[in-house]
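# Residue-level structural notes
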Amino acid sequence: MTAAPKLELKGVRKTFNGKKVLDGVDLAVAPGRSLVIIGGSGQGKSVTIKIAAGLMRPDAGKVFIDGKDVTRLRGAAQRKRAAQFGFLFQGAALFDSLPVWKNIAFRLINADKTPQDEAREAAVVALGRVGLSPSVADLYPGELSGGMQKRVGLARAVAARPEILFFDEPTTGLDPINADVINNLIVEEVKRLGCTAVSITHDLVSARKIGDEIAMLHNGKIIWRGPAADIDHSGNAYVEQFVSGRADGPMTNGG
Amino acid sequence: MNPVRAIGRSTLGMLRTAGAVAVFAARGVAALLTPPWFFGQWGGQLLAIGFFSLPVVGLVVLFTGAALALNIYVGGGRFNAEQIMPQVVALGIVRELGPVLAAVMLAGRVSAAIAAEIGAMRATEQIDALQTLSTDPFRYLIAPRLLAAVITLPLLTVVADIIGVSGGWLVATATLNFSGALYVQNTWNFLTSWDIVSGLIKAAVFGFLVALMGCYHGFNASGGARGVGRATTHAVVSAAILIFAADYIMTSFFTRS
């Protein structure tokens, strides 16, 4: 890695009810690179990404952004830090009480105090970028299909031009065609914004498409990391089992 | 299990919960006092918590006022004191039943709704989404609900007092041969401003507790749909218990002064 990391996790540990979920995770992502974290269910992928995005505090270890320790920020400092991020949640996490355009322009309206008409215009432009027509702007999230909700979630994540994008299982619950549409949109948006991306998924098609690099999380540790192209000849028994999807191997019961 | 250990454990658990609620309340109040404020949310909550609770609160106190009048008339008759019925109804409604009934109805209607809404937002990661959009959930979700309940419950109580006294008036004039004008005059002359103010102070405190319980249990909901259901039940039950406990504490304080 040549450039100083945009995002770095050092020795991150997290325990829930006595169960060690993260046991010293070290991870660094260079500016403009896209890292995908793969791993079985319950291996701590979501916890890792939530700690990186400041939604959860680690029990030990540190998180750095641009070399600055941001592990324990609070209040205004935390809100300022969040302004650097865009986050696409697994279920899109759209606010069901607000129409689509207000969801997309939420940060512009509430944090940046952008006038409503300007914010709406920006939301409609963002909708166009994710392949949705302006007529969708006034619908409510409950009126959209799962694929459309993901697109709106992506539009919301990129609306304020973040420096770091997080994707939590971006293709889960989508049919293969819609999943590919979302993958393509993610690649396009990350390239357009020139931002750093961290994704978690257990969808290997998605991982290969959106990641420059892939890391595998197992038993609370990163056990392998390499270029996305190397995932099929990693030389790591766990990764090989995960990629081939075999039930027999070093991991049992998906874990 | 050793009973002493069990008592100790549950006491520690209660103290832990009390501490967590106190910290939560302090964060909610702090969010009210410092910018940024979300005035749009405040307006929406004033409407949802206050205005839309009016019919249910009104109906409950109307019937309670009427039933209270009948009971006091019958009870007063045992001492040949039927004529004090308007004054006792007014006192009972304004100092006690108006604020308590309005608060209990709000606990059922609003505390449950708040817990369910915020709990569902927690379950669907909408609260996390707020944070990633540079918005403090305490400012956007909690503070507006606390403020709206503290403002609207006293207003609802004023309406409840009027409707409750009217319930007594209706029964008295329609079935007990009381003079309508005299009933109103007796009521008005008897009540002191402190009777009304003490009821409104109670209402403000109850409003805070009702919203706090809904917000606290919703915000800390976990475990999907089942967790949201559990949060809703806990919100209503704990709000109701706190209302009655606070009512006793405030009443004993107010009657001493």
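For clarity, every value in this text was computed on a predicted model and none was experimentally measured.

With that out of the way, let us pick up the overall build of chain B. Helix and strand counts for chain B come out as nine helices and zero strands. Written out in order from the N terminus, the α and β elements of chain B read α-α-α-α-α-α-α-α-α. Across its three principal directions, the C-alpha atoms of chain B cover 65 × 55 × 35 Å. Buried positions account for 46% of the 257 residues belonging to chain B. For chain B, restricting intrachain contacts to residue pairs at least 6 apart in sequence, the fraction spanning at least 24 positions comes to 83%. Taking the 14 positively charged and 9 negatively charged side chains of chain B as two groups, their mean positions are separated by 11 Å.

Moving on, we get to the overall build of chain A. For chain A, the count of helices and strands is nine helices and ten strands. The C-alpha atoms of chain A give a radius of gyration of 18 Å, which matches the 18 Å a tight globule of 255 residues would have. In terms of principal-axis extent, the alpha carbons of chain A reach across some 55 × 40 × 40 Å. Buried positions account for 52% of the 255 residues belonging to chain A. Taking the contacts inside chain A whose residues are at least 6 apart along the sequence as the reference set, 63% of them involve residues at least 24 apart. Within the structure as shown, chain A displays about 10900 Å² of accessible surface, and the carbon and sulfur contribution to it stands at 51%. Here chain A carries 33 positive and 27 negative side-chain charges, and the mean point of each set is 7 Å from the other.

Next up on the list: the sheet that holds strand β5 (residues 68–69) of chain A. Two orientations exist for strands paired in a sheet by backbone hydrogen bonds: parallel and antiparallel. Residue and element names in this part refer to chain A. Spatially, β2-β1-β4-β5 is the arrangement adopted by the four strands of the open sheet, whose pairing is antiparallel. Of all strands in the sheet, those bounded by a partner on one side alone are β2 (19–29) and β5. For strand β1 (residues 7–16) and strand β4 (residues 60–65), the ladder comprises five bridges, and the chain directions are antiparallel. If you follow R13 over to β4, its bridge partner there is A60. On top of the sheet, helix α1 (residues 45–52) reaches β1, β2 and β4; it is set at about 125° to β1, its chief contact.

Turning our eyes to something else, we now look at the side chain of R79 of chain A. Structurally, R79 of chain A is set in helix α2 (residues 75–82). No salt bridge is formed by the buried R79 of chain A. Its closest oppositely charged neighbour is D136 of chain B, at 4.1 Å. Filtering out sequence-adjacent residues up to four positions away, R79 of chain A remains in contact with P36, S134, T135, D136 and R139 of chain B.

Let us look at the nonpolar core. Ranked by internal contacts, the top residues of the largest apolar core, which has 82 residues, are L7 and F166 of chain A together with I142 of chain B. Those residues within four positions of L7 of chain A in sequence are excluded, and the remaining contacts are L27, A28, V29, A52, V63, F64, I65, I164, F166 and V198 of chain A. Counting 47 residues, the second largest nonpolar core, distinct from the first, contains W101, V130, L185 and F242 of chain A.

All names here are of chain A. One open sheet holds the six strands; their spatial order is β6-β7-β8-β3-β9-β10, and the pairing between them is mixed. The outermost strands of the open sheet, each flanked by one partner alone, are β6 (85–88) and β10 (221–227). Strand-to-strand twist across the sheet, computed as the mean angle between neighbouring axes with direction ignored, equals 15°. As paired elements, β6 and strand β7 (residues 164–168) share four bridges and run parallel to each other. Residue G86 lies in a different strand from β7, and its bridge partner there is L165. Contacting β3 (34–38), β9 (213–218) and β10, helix α9 (residues 237–244) runs over the sheet at an angle of about 105° to β9.

Opposite the 23 residues of chain A that make contact, chain B presents 18 residues. Here chain A packs against chain B, burying approximately 1700 Å² in sum over the two surfaces, 57% of which is carbon and sulfur. Between the two partners, chain A and chain B, sit two salt bridges. K50 of chain A is the partner of D128 of chain B in a salt bridge, and the nearest nitrogen-oxygen pair spans 3.1 Å. If you list the elements that add at least two residues to the side of chain A that touches chain B, you get α2, β6 and α4 (106–110) of chain A. Partitioning the side of chain A that touches chain B into residue classes produces twelve nonpolar, four polar and seven charged.

Residue and element names in this part refer to chain B. Taking 1.5 Å per residue as the helical rise, helix α2 (residues 39–50) with its twelve residues ought to reach 16 Å, and the 16 Å between its terminal C-alpha atoms agrees with that figure. All buried positions along α2 are accounted for by Q41, W42, Q45, I49 and G50. Projection of α2 onto a plane perpendicular to its axis shows the buried side chains occupying an angular sector of 125°, all on one side. Elements in contact with the buried residues of α2: α1 (3–33), α3 (54–77), α4 (85–123) and α6 (137–175).

Bringing the pairing of strand β8 (residues 196–200) of chain A into the picture now. All names here are of chain A. Counted residue by residue, β8 has five buried out of five residues, so it is predominantly covered. Alternating residues of β8 divide into T196, V198 and I200 and A197 and S199, and every residue in both groups is buried. Pairing of β3 with β8, which is carried by four bridges, proceeds in the parallel orientation. Within the sheet, the bridge partner assigned to V36 lies in β8 and is S199. Relative to β8, β7 runs parallel, the two sharing five bridges. Paired with I164 across the two strands is T196, which belongs to β8. With helix α7 (residues 176–193) bridging β7 and the parallel β8, this β-α-β connection has right-handed handedness.

Cut-offs applied
- Residues numbered from 1 in each chain as written.
- Chains lettered and ligands numbered in written order.
- Predicted model: local features only at pLDDT ≥ 70, side-chain atom pairs only at ≥ 80, totals over all residues.
- Heavy atoms only, no water.
- Helix = DSSP H or I, 4+ residues; strand = E, 2+ residues; numbered from the N terminus.
- Buried < 20%, exposed > 50% of the residue type's maximum accessible area, 1.4 Å probe, protein only.
- Contact = heavy atoms within 4.5 Å.
- Lys, Arg positive; Asp, Glu negative; His and termini not counted.
- Charge placed at Lys NZ, Arg CZ, Asp CG, Glu CD.
- Rg over C-alpha atoms; globule rule 2.2 N^0.38 Å.
- Areas by Shrake-Rupley, 256 points an atom, 1.4 Å probe, with all protein chains shown as cover.
- Pairing = 2+ DSSP bridges.
- Axes fitted to C-alpha atoms, helices over the stretch in contact; angles between N-to-C directions.
- Salt bridge = Lys/Arg side-chain N within 4 Å of Asp/Glu carboxyl O.
- Core = buried A, V, L, I, M, F, W, Y, C linked by side-chain atoms within 4.5 Å.
- Buried area = accessible area lost by both parts, 1.4 Å probe.
- Nonpolar A, V, L, I, M, F, W, Y, C, P; charged D, E, K, R; others polar.
- Expected span 1.5 Å × (residues − 1).
- Arc of directions from axis to C-beta.
- Right-handed = clockwise from strand over helix to strand, strands pointing away.

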